[in-house]
Amino acid sequence: MYVEDNFPLAVKGNVRAAPRAALDYLLGNAEVGSKVAGFFHTVPSFTPLKPLRSACLLFSTELPVEIKIPVFFCKTPEQLSSLIPKALKVSVDTQLPVQVVLAPNSLNNYTNDKILEEAQDRVQPYINRQVVDALWDPAQKKEKLEVSFTAQREQEAANADISFFVPEAYFPEYIFPSALKNQRDTFKGVKKFHTTKKELQFLHLWLKEMLELKVEIDSSLELRENPAKTLLCPGCPFTAVFACKDASSTIVFTSIKCPAIFEHFALSAATVMEYAGMVSQKPSVATAFIGNMSDILPYENLLGGTVIALQDSEKKAVYPVVAVNKFKKFMNCTLPYSCANIKKGKKVAVKAKKCNCVKLGTEAVCMQASRCPALRLTEDDVVSVNAALCSGCRVCANVCPPKAIS
Amino acid sequence: MNYHIIFCGLLGTTFDTVFKLILESAREADYLVKTYAMPVKSAYSSLIIDAMFQGSAKKEPLEIVVDFDCVYNGEPRELHLHPLTLDIPFEDSMIHYWGVAGSLCKVIPDLSTAYITSYLLENDMSKELSLFKKHTLTSLPFKMQDYLAKIG
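Quick notes on the rules
Residues numbered from 1 in each chain as written. Chains lettered and ligands numbered in written order. Predicted model: local features only at pLDDT ≥ 70, side-chain atom pairs only at ≥ 80, totals over all residues. Heavy atoms only, no water. Helix = DSSP H or I, 4+ residues; strand = E, 2+ residues; numbered from the N terminus. Rg over C-alpha atoms; globule rule 2.2 N^0.38 Å. Buried < 20%, exposed > 50% of the residue type's maximum accessible area, 1.4 Å probe, protein only. Contact = heavy atoms within 4.5 Å. pLDDT = per-residue confidence, 0-100. Arc of directions from axis to C-beta. Buried area = accessible area lost by both parts, 1.4 Å probe. Salt bridge = Lys/Arg side-chain N within 4 Å of Asp/Glu carboxyl O. Polar contact = N/O pair within 3.5 Å; in protein donor to acceptor, adjacent residues only side chain to side chain. Nonpolar A, V, L, I, M, F, W, Y, C, P; charged D, E, K, R; others polar. Pairing = 2+ DSSP bridges. Axes fitted to C-alpha atoms, helices over the stretch in contact; angles between N-to-C directions. Core = buried A, V, L, I, M, F, W, Y, C linked by side-chain atoms within 4.5 Å. Phe/Tyr/Trp six-rings, centres within 6.5 Å; stacked < 30°, edge-to-face > 60°. Lys NZ or Arg CZ within 6 Å of the ring centre and 35° of its normal.

### Some details on the overall build of chain B
- A count of helical and extended segments in chain B gives five helices and five strands.
- Across chain B, helices and strands are ordered from the amino to the carboxyl terminus as β-α-β-β-β-β-α-α-α-α.
- A globule of 152 residues ought to have a C-alpha radius of gyration of about 15 Å, and chain B, at 15 Å, matches this closely.
- The principal-axis extent of the C-alpha atoms belonging to chain B is close to 40 × 35 × 30 Å.
- Counting across all 152 residues of chain B, residues that qualify as buried make up 56%.
- For chain B, the share of sequence-separated contacts (at least 6 apart) that also reach a separation of at least 24 residues comes to 67%.

### Some thoughts on the confidence of the model for chain A
All names here are of chain A.
- Within chain A, residue pLDDT values average 82, and 88% of them lie at 70 or more.
- Mean pLDDT per element in chain A: helix 4 (residues 114-118) is the minimum at 48, and strand 5 (residues 98-102) is the maximum at 94.
- Note on residues 115-127: pLDDT under 50 across the span, and 46 contacts to partners over four residues away in sequence or across chains.

### Examining helix 10 (residues 272-280) of chain A
All names here are of chain A.
- Considered for burial, the residues of helix 10 that qualify are Val272, Tyr275, Ala276 and Val279. Down the axis of helix 10, the buried side of the element spans an arc of 100°, and every buried residue falls inside it.
- In this structure, the buried residues of helix 10 make contact with strand 9 (250-254), strand 11 (286-292), helix 11 (293-296) and strand 12 (306-310).

### Let's talk about the interface of chain B and chain A
- Contacts between chain B and chain A engage 39 residues on the former and 39 residues on the latter.
- The contact between chain B and chain A buries some 3400 Å² in all, and 56% of this surface belongs to carbon and sulfur atoms.
- The largest share of the area that chain B buries against chain A comes from Tyr36, Lys41 and Tyr44 of chain B, three residues that together contribute 22% of it.
- Our count for the contact surface shared by chain B and chain A stands at one salt bridge.
- Put simply, Asp69 of chain B and Arg376 of chain A hold a salt bridge, and the shortest N to O gap is 3.1 Å.
- Counting every contact that joins chain B to chain A gives twelve residue pairs in polar contact (both at pLDDT 80 or more).
- At the level of elements, helix 1 (13-28), strand 2 (32-37) and strand 3 (46-54) of chain B are the ones that each hand at least two residues to the side of chain B that touches chain A.
- Considering each element in turn, the side of chain B that touches chain A owes the most residues, seven residues, to helix 1 of chain B.
- Taken together, the residues of the side of chain B that touches chain A sort by class into 20 nonpolar, nine polar and ten charged.

### With respect to unusual backbone geometry
- At Asp381 of chain A, a position not held by glycine, the phi torsion is positive, near 60°.
- Looking at the secondary structure, you find Asp381 of chain A in the loop between strand 14 (375-377) and strand 15 (383-385).
- One non-glycine residue, Met94 of chain B, lies in the positive phi region at around 70°.
- Mapped onto the elements of the fold, Met94 of chain B is located in the loop between strand 5 (79-81) and helix 2 (96-107).

### Description of the sheet that holds strand 1 (residues 3-10) of chain B
Residue and element names in this part refer to chain B.
- Across the sheet, five strands lie side by side as 2-3-1-4-5; this open sheet has mixed pairing. With one partner strand each, in any of the chains shown, strand 2 and strand 5 form the two edges of the open sheet. The sheet shows a mean angle of 20° between the axes of neighbouring strands, taken without regard to direction.
- On top of the sheet, helix 1 reaches strand 1, strand 2 and strand 3; it is set at about 165° to strand 1, its chief contact.

### Looking at the sheet that holds strand 5 of chain A
All names here are of chain A.
- Read from one edge to the other, the open sheet built from six strands follows the order 1-2-3-5-4-6, with strand pairing classed as mixed. Each edge of the sheet is formed by a strand with only one pairing partner; in this case those strands are strand 1 (2-3) and strand 6 (174-175).
- When strand 4 (residues 71-74) meets strand 5, the two strands line up parallel, connected through four bridges. The residue of strand 5 that forms the bridge with Val71 is Gln99.
- The sheet contacts of helix 1 (residues 19-31) involve strand 1, strand 2 (36-40) and strand 3 (56-60), and relative to strand 2 the element is tilted by about 160°.

### Focus: the environment of Gln95 of chain A
All names here are of chain A.
- Position of Gln95 relative to the elements: it lies in the loop between helix 2 (77-94) and strand 5.
- On the basis of relative accessible area, Gln95 is assigned to the partly exposed category, the value being 38%.
- A C-alpha to C-alpha distance of 9.7 Å links Gln95 and Pro48, two positions 47 residues apart in sequence.
- Leaving out residues up to four positions away in the same chain, Gln95 has contacts with Lys50, Pro51, Leu52 and Val90.

### Re the nonpolar core
- Within the largest apolar cluster, 76 residues are counted, with the highest numbers of intra-cluster contacts made by Phe7, Ile22, Phe53, Ile64, Leu81 and Ile108 of chain B.
- Counting 27 residues, the second-largest nonpolar core is a separate cluster that includes Tyr170, Ile175, Phe187 and Phe193 of chain A.

### Observations regarding the pairing of strand 9 of chain A
Residues and elements named next belong to chain A.
- The buried count for strand 9 comes to four of five residues, which makes it a mostly enclosed element.
- In the sheet, strand 9 pairs with strand 10 (residues 267-269) via three bridges, with the strands oriented parallel. By the bridge assignment, Phe253 is partnered in strand 10 with Ser268.

### A few points about the packing of aromatic side chains
All names here are of chain A.
- Per the stated rule, a full pass over the model turns up 24 aromatic pairs over all chains.
- Ring geometry for Phe73 against Phe164: centres 5.7 Å apart, planes inclined by 70°, an arrangement best described as edge-to-face. With Phe73 in strand 4 and Phe164 in the loop between helix 5 (129-136) and strand 6, this pair connects stretches of sequence that are 91 residues apart.
- Clustering of aromatic rings is evident, with ring pairs tying together Phe73, Phe164, Phe165, Phe171, Phe202 and Trp206.
- A cation over a ring is seen here: Lys198 above Phe165, with NZ or CZ 4.1 Å from the ring centre.

As structure tokens, then:
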């Protein structure tokens, strides 16, 4: 099982590699008869060449950009327990890998589904290894699986709202590239579809290119905005990097896929190879790359600018190791942990008498800079630290103007 | 009455337990319960779940924000239950969640406190029980009381 870093589920994998290499590894194993599963943010593009001897499920959170293999779509957590056995059956029958796209609602929502409940100690929304194992064998399902793909009735399609991310809207449960006739017939009478901007490209591919329907697709449906403050993980290495003065004059690239860091910091997404390509052109501005050490290692000699590696494995560090709270200027270095293995240090405490940012009418600098969930503002306008969450990274202590955190 | 409740809190077992007990209480009180989860941005980010408790054919629901850990950043609501407005001190062990749950039972009188109380008794959670009971018995802030009186 492979789980890409920062995948929004508490599933632990046993393969460590970059997504592309991991996909090849999973497919190779399925070809020789091992059951495999991979959890990716976006499944890398590939063409299945050899028939698989065993089931292969590729989970993702983003809609596919091309449809070469059967794809299942899971919008609610209730769907998950019926959908995974179906996907497995299809993978075995067709000898192809099957993609399962998980909507945010299916990842974080609560359910009364008995299979999910019994399979884990921790209640929803987390899905762990036991859940996946429990769902793995279709024989465990008591009722007979009736996967009748020809009898799919998509009555809801008549309302012409079609969206994977809007819970009220219709979306098909699956798309099989080799059996599109039924879906084409279902949408015959519809002339205009309403969807969200996020899905426009996918629907264009599916409805216009694959189903060859002459329909209008507009993006008038709106996605609900998440009204919560964006919080980072306690000890997030990016807070230390962006607390440096150099960060304002440097274009920082990263291969880490975490929506929170992209929302909070001025970051650009790039893979190690893309960054290597960019710096080979010798850009006139200062650039930096932050990525996991295991991703950086193979391309170490090709990288220019500043490279900050996050130590995600026990392998010897590529650059000198610098503690997160000692990171003061941009240089090639290795920070001692990555998102997956944040280390805990001595916890910090706040001297209430010294803590005066909010009392002076400004925002709490420590909370603003670190976005740490361990910091809260009490009714006395003083910051307090939740010791249960504090990782002891000391980023808040470094940025605190009155030095109230120690 | 129908309720549209936005539950916000930090991901963790306390949120899970409190939220599930509230949902079960609503189901026991014959509400039709629907929930919808927002995407979580990081492993420690706040969890936002929209819950719809439907108890009548009335179209307009009463909007409530239940902010267990002061993480709500959206448009302000009249009924915004969070530890600071309810005078509940934050606890590292997250037991303040139970106080907020107690206040929610005050806002939605149909929610059975007995259901949650029996769970806390069964699991020998005396601190949580006393905080929960305290807030089911304490009056809501005047501003909220006025608002609830106004809408009937």
